[in-house]
Amino acid sequence: MISTSHLQAMPDKDSLRKLCKSIAVLEAIFSPDWESRYYSYNQNWSDGEEFFLK
C-alpha cells in the first residue's frame, strides 16, 4: 500500500501528477472493469484541471 505518512511535505506538482497517473494506470491494468476500480485519473476533467480519485 502506498502511504504518505512518511513524507515530510507534499511532493512537488509534477511528482504528484506522475504518482497519481502511475497508480491509476496500475489500477486499470489490474481491474479492467471501470466499476471495480478504486483509483482513477482524468487529465481532461475540466479546462486546465486534472482529477485523481481515491
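Cut-offs used in this document
- Residues numbered from 1 in each chain as written.
- Predicted model: local features only at pLDDT ≥ 70, side-chain atom pairs only at ≥ 80, totals over all residues.
- Heavy atoms only, no water.
- Helix = DSSP H or I, 4+ residues; strand = E, 2+ residues; numbered from the N terminus.
- Expected span 1.5 Å × (residues − 1).
- Buried < 20%, exposed > 50% of the residue type's maximum accessible area, 1.4 Å probe, protein only.
- Arc of directions from axis to C-beta.
- Contact = heavy atoms within 4.5 Å.
- Polar contact = N/O pair within 3.5 Å; in protein donor to acceptor, adjacent residues only side chain to side chain.

> Provide a residue-level description of helix α1 (residues 13–30), including the pertinent values.
Between the first and last C-alpha of α1 there are 26 Å, a value that for 18 residues agrees with the 26 Å anticipated at 1.5 Å per step. All buried positions along α1 are accounted for by C20, I23, A24 and E27. On an axial view of α1, the arc spanned by its buried residues comes to 95°, and they lie on one face. Residues of α1 that are exposed and point more than 90 degrees away from the buried face comprise K18 and I29. In this fold, the buried residues of α1 make contact with β1 (40–46) and β2 (49–53). The backbone nitrogen of D14 lies 3.3 Å from a side-chain oxygen of the residue at the head of α1, namely D12.

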